[in-house]
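Below, each chain spelled out in residue letters.
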Amino acid sequence: MFEGEMASLTAILETGTVRVPRPIKVLDAPGGGSMLVMEHLDMSSLSSHAAKLGAQLADLHLKNKKLGETLQKDASTVGMGLGGPQGTPPSRGHLASMGRGGGQVERPFVDQFGFDVVTCCGYLPQVNDWQKDWVEFYARQRIQPQMDMVEKGSGDREACELWSALQLKIPNLFRDLDIVPALLHGDLWAGNVAEDSSGPIIFDPASFYGHSEYELAIAGMFGGFSGSFYSAYHSKIPKAPGFEKRLRLYQLFHYLNHWNHFGSGYRGSSLSIMRNLIK
């Protein structure tokens, strides 16, 4: 859990977009267990910097896309097809040089969905194996493991039947969408955001490269984000057609995850989303 959190914090930190506590080291705790040592930040509840967080979160989500665009522009300038045929993104691992303060910082462009290490959303580990196709990644590596736990825990036949029907409908929600992998916080609810005098801070991430819309799912489930946050975010990343339905699909993961963490009090919300998306 802590190794995944440290890798997540490090990845977000390296983008230079939104502030996170700087991770220092994962240690074995005396007497068993582990601990994660981080930079100490004097945080308070997010209030005056909500719009700034929205803008910075959008910058985080756009960072990888901009790296890809830089690579393609450089490739076309020198006549080298780093990404293969025109319009094909370069492979994960190609480097884009970004000028910063007179120096050059090389960062890899990521053209797949996943993450290099396992991360945990709550205490449950997430499969982050790299996949080219986002719909396949989300269905197989986010929803399916949650449904497997539901089936093992309660044998809920209605949930399994609804999921079988929903799987056939999911591709239609992504028709005509070009999704470039975005580095996500992965668990951005109100309890994982704060601010200090210099601006917003996010923490306790469960990062991976995914669809930027996924980030807003849990943010909308439990409140705590103002209109100024969303306005600033969507001024940089406008809502694409079908946004609201996909948001419910992404909320399904979090309701299932809560069901598997805290019990069947979240069953009704999980099944309701599946019924509505199947219509």
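Residues numbered from 1 in each chain as written. Predicted model: local features only at pLDDT ≥ 70, side-chain atom pairs only at ≥ 80, totals over all residues. Heavy atoms only, no water.

To continue, consider the side chain of S8. Looking at where S8 falls in the secondary structure, it is placed in helix α1 (residues 2–15). Leaving out residues up to four positions away in the same chain, S8 has contacts with F115, T119, P205, A206 and S207. (Helix = DSSP H or I, 4+ residues; strand = E, 2+ residues; numbered from the N terminus. Contact = heavy atoms within 4.5 Å.)

This paragraph deals with the side chain of N128. Within the secondary structure layout, N128 lies in the loop between β6 (124–126) and α3 (134–154). Residue classification places N128 among the buried positions, given a relative accessible area of 3%. Looking at N128, its side chain comes within polar contact range of the side chain of T119, at 3.0 Å. In contact with N128, not counting residues within four places along its chain, are G114, F115, V117, V118, T119, F137, Q141, R142, S207 and F208. (Buried < 20%, exposed > 50% of the residue type's maximum accessible area, 1.4 Å probe, protein only. Polar contact = N/O pair within 3.5 Å; in protein donor to acceptor, adjacent residues only side chain to side chain.)

It is worth spelling out the confidence of the model for the protein chain at this point. Across the protein chain, pLDDT averages 91, with 89% of residues at or above 70. Considering only residues more than four positions removed or in separate chains, one finds that residues 80–90, a stretch of pLDDT under 50, has 17 contacts. Scored below 50 in pLDDT, residues 96–104 shows 20 contacts in the model against residues more than four places distant or in partner chains. (pLDDT = per-residue confidence, 0-100.)

A separate point is unusual backbone geometry. Among all residues except glycine, the phi angle is most often negative; among peptide bonds, the trans geometry is most common. The residue D176 is not glycine, and still its phi comes out positive at about 65 degrees. For D176, the location among the structural elements is in the loop between α4 (157–169) and β7 (182–184). Despite not being glycine, D204 shows a phi value in the positive range, around 55 degrees. By secondary structure assignment, the location of D204 is in the loop between β9 (199–202) and β10 (208–210). Accessibility expressed as a relative area gives 35% for D204, which makes it partly exposed.

Take α3 next. Counted at 1.5 Å a residue, the expected span for α3 with its 21 residues is 30 Å, and the 29 Å between its end C-alpha atoms agrees. Its axis deflected by about 40 degrees at Q144, α3 carries its strongest bend there, up to four residues before the proline P145. W134, V135, F137, Y138, A139, Q141, R142, I143, Q146, M147 and V150 are the residues of α3 that are buried. Of the surrounding elements, those touching the buried residues of α3 are β6, α4, β10, α7 (243–262) and α8 (267–278). If you check the start of α3, you find a side-chain oxygen 3.3 Å away from the backbone N of V135, and it comes from D133. Immediately beyond the C-terminal end of α3, within one or two residues, lies G155, with a positive phi of roughly 60 degrees. (Expected span 1.5 Å × (residues − 1). Bend = angle between axes of the 7 residues up to and from the residue.)

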